[in-house]
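Listed below, chain by chain, are the residues.
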Amino acid sequence: MIGPGLLFAGAAIGVSHLVQSTRAGALYGLALIPVVLLANLMKYPALAAGPRFSLATGRSLIEAYRVQGWHAIGAFAIIQLGTAFAIHAAISAVTGSVLIAALALAGVELSLLWAVVLINVLATALLATGGFALLDACIKVLMTVLALATLVVTSVEVRALDLGTLTMPVELWLAPTTIAFAVALAGWMPAPLDIAAWNSLWCVEKHRKHGTPSSRHAMLDFNIGMAACVLLAVCFVVLGTARLNAEGIEPAASGGAFAAQIITLYTGALGNWSGPLVALGALAVMGSTLLTVADAIPRTAVATVSTLRGGHRTKPDRDAARTPGYWVLFAVMQAGGLGLLFVVGGLSEMVDLATTLSFIATPLLAWFNHRAMRSHDVPEEHRQGRLLTALSWLGIVFWFGFAGLFLWTRFGGTP
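Quick summary incoming for the structure in this document.

So, about the overall build of the chain. The helix and strand tally for the chain stands at 15 helices and zero strands. Sorting the 415 residues of the chain into buried and exposed places 58% on the buried side. Here the analysis covers contacts within the chain between residues at least 6 apart in sequence; of these, 87% occur between residues at least 24 apart. Accessible area of the chain: about 15900 Å², with a carbon and sulfur share of 69%.

This is the structure we're talking about:
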């Protein structure tokens, strides 16, 4: 049963890949690939808790937070409230910028405001007409386009890479600007940790419609999505290195110009004929991210409010997207995200704000997810094994330490 894992990948493969991984390659060459791989590895147990907990209990992680106490569900609610607008604004900005670059190939000009409005109207229409079922079906198609093009172009560019960029001086590693960028990169690599709760909700909805799968199939679905996230993140670092860093090109500050640079990563290797196809693929991957996040944020808010009101619930009897509360919160998210986007302004500033906020929340969510998987609600056969449990503990220590290092360099001085 392939479904929630691709929704996970659809939400993850977007800003963290097209923007942050490409910028990592452009600014630092291949040197930040270890950060990409380490962030994925350290988040894996907490991310896997989403499908694991839902499979074992039939409930979402949000309900697990409530069982842990009001401090956990309250902290989760505050994290969601504090990051929802920034997440939606960042993804809307990137998707709108890709649309601007795509239309520019046809000689059509569009402002960022109208681009963002247009893509959000389309996302709203898709979710309103099809709900979860259409979302589930769309991602299976959209996720294929850019992935194939990226793999082809990376295979062409990897032969001309300067492997000397795999290393950089220690003093540059410890520079506050490098640490700040590494934080922004890791914050959404492969995605904000909120996505574990989102994924658990998608799993509950999928199980409601199609029945509970075997543990083997559920985790295979998740691992396929996770593997795609890791592979494509490395590919975008390689492309940023080969096409921008090697030629001394700085990542553009404006969204439309940066999206145009992303398209040139492909046309430089494949030829100008590939521009429209790549633009369509970039729109597909960002469209999938926008769709999944536009659904996930209000869906999570509905579940959080419901859990706060009545403790844990049984399996839902209908799709949350068919409830009035979902659409009220959806409208609030749209308005707040659009307002924040035009207060902050630039694409890189908006993305760095969203990813840094998510990074700061990561250690706390990792701890909550670890406790959820060790709770009495999870039967022994569904719990993480010793290796994954040890990795989960290591991840918690890693994220708390990394957050401490960031806060120290930001507010207390330099290491």
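For helix H14 (residues 347-373), built from 27 residues, the straight-helix expectation of 39 Å at 1.5 Å per residue is met to within 8% by its first-to-last C-alpha distance of 37 Å. Roughly 40° is the biggest bend found in H14, and it falls at threonine 362, with proline proline 363 one to four residues downstream.

Oppositely charged side chains may form a pair once their charged atoms are brought near each other. One pass over the full model with this rule turns up seven salt bridges. Across the pair arginine 243 and glutamate 157 runs a salt bridge, and its minimum N-O distance is 2.7 Å. With arginine 243 in helix H10 (residues 215-245) and glutamate 157 in helix H6 (residues 112-157), the pair connects residues that are 86 residues apart, well separated along the chain. Its relative accessible area of 21% is what places arginine 243 among the partly exposed residues. Overall, the relative accessible area of 6% leaves glutamate 157 in the buried class.

Looking now at the environment of phenylalanine 236. On the secondary structure map, phenylalanine 236 appears in helix H10. Assessed through its relative accessible area of 1%, phenylalanine 236 is described here as buried. Those residues in contact with phenylalanine 236 that sit more than four places away from it in its chain are His17, Leu18, Ser21, Thr22, Leu146, Thr150 and Tyr266.

Moving on to the packing of H10 against helix H11 (residues 255-270). For the pair H10 and H11, the least separation of the axes is 10 Å and the interaxial angle reads 70°. As far as their axial angle goes, H11 and H10 are roughly perpendicular. The crossing of H10 and H11 is left-handed. Mapping the contact onto sequence places Phe236, Leu239, Arg243 and Leu244 in H10 and Thr264, Leu265, Tyr266, Gly268 and Ala269 in H11. Across the contact of H10 with H11, the residue classes break down as six nonpolar, two polar and one charged.

This part covers the nonpolar core. Core analysis: the largest hydrophobic core is formed by 127 residues, its most contacted members being Leu18, Leu61 and Tyr266. Looking at this core element by element, the count peaks at 18 residues for helix H5 (residues 70-104). The contacts of leucine 18, once residues within four sequence positions are left out, are Val98, Leu146, Phe236, Phe258, Ile262, Ala282, Val285 and Met286.

Taken as a whole, this structure holds 14 aromatic pairs when the rule is applied. Residues tyrosine 65 and phenylalanine 76 carry aromatic rings whose centres are separated by 5.0 Å and whose planes lie at 50° to one another, so their mutual orientation is tilted. With tyrosine 65 in helix H4 (residues 61-68) and phenylalanine 76 in helix H5, the pair connects residues that are eleven residues apart, well separated along the chain. Accessibility assignment for this pair places tyrosine 65 and phenylalanine 76 in one class, buried.

Attention shifts here to the packing of H5 against helix H12 (residues 275-310). Relative to each other, H5 and H12 sit at 160°, their axes nearing to 9 Å. Compared by their axis directions, H5 and H12 come out roughly antiparallel. The handedness of the crossing between H5 and H12 comes out as left-handed. Each residue belonging to the contact of H5 with H12 can be placed in one class, and the counts come to 19 nonpolar, eight polar and no charged.

Right, let's get into the environment of tyrosine 28. Within the secondary structure, tyrosine 28 is located in helix H2 (residues 15-28). Note: C-alpha distance between tyrosine 28 and threonine 165 (137 residues apart in sequence) is 7.3 Å. Setting aside anything within four residues of it in sequence, one finds tyrosine 28 in contact with Thr165, Met168, Thr177, Thr178, Phe181 and Asn245.

What follows concerns the side chain of serine 16. Examined against the element boundaries, serine 16 turns out to sit in helix H2. Overall, serine 16 belongs to the buried group, its relative accessible area being 1%. Of the polar contacts made by the side chain of serine 16, one reaches the side chain of histidine 17; its length is 2.7 Å. A polar atom in the side chain of serine 16 sits 3.2 Å from the backbone oxygen of tryptophan 188. Contact partners of serine 16, with chain neighbours within four places excluded, come to Ser21, Trp188, Met189 and Pro190.

Let us look at the environment of leucine 112. Here leucine 112 shows up in helix H6. With twelve residues separating them in the primary sequence, leucine 112 and isoleucine 100 have C-alpha atoms 7.3 Å apart. Discounting chain neighbours no more than four positions away, the residues touching leucine 112 are Ala93, Gly96, Ser97, Ile100 and Phe342.

Where nonpolar side chains cluster on the molecular surface, the patch consists of Val343, Val344, Leu353 and Leu357 and spans about 300 Å² of accessible area. Those elements giving two or more residues to the nonpolar patch turn out to be helix H13 (324-344) and H14.

This part is about unusual backbone geometry. Look at the link from methionine 189 to proline 190: it is a cis peptide, with omega at 0°. Among the structural elements, proline 190 can be located in the loop between helix H8 (176-187) and helix H9 (195-210).

Quick notes on the rules
Residues numbered from 1 in each chain as written. Predicted model: local features only at pLDDT ≥ 70, side-chain atom pairs only at ≥ 80, totals over all residues. Heavy atoms only, no water. Helix = DSSP H or I, 4+ residues; strand = E, 2+ residues; numbered from the N terminus. Buried < 20%, exposed > 50% of the residue type's maximum accessible area, 1.4 Å probe, protein only. Contact = heavy atoms within 4.5 Å. Areas by Shrake-Rupley, 256 points an atom, 1.4 Å probe, with all protein chains shown as cover. Expected span 1.5 Å × (residues − 1). Bend = angle between axes of the 7 residues up to and from the residue. Salt bridge = Lys/Arg side-chain N within 4 Å of Asp/Glu carboxyl O. Axes fitted to C-alpha atoms, helices over the stretch in contact; angles between N-to-C directions. Parallel < 35°, antiparallel > 145°, perpendicular 65-115°, else oblique. Left-handed = near helix turned anticlockwise from the far one by under 90°. Nonpolar A, V, L, I, M, F, W, Y, C, P; charged D, E, K, R; others polar. Core = buried A, V, L, I, M, F, W, Y, C linked by side-chain atoms within 4.5 Å. Phe/Tyr/Trp six-rings, centres within 6.5 Å; stacked < 30°, edge-to-face > 60°. Polar contact = N/O pair within 3.5 Å; in protein donor to acceptor, adjacent residues only side chain to side chain. Patch = residues over 30% accessible without salt bridge, like charges linked within 9 Å, V, L, I, M, F, W, Y side chains within 5 Å.

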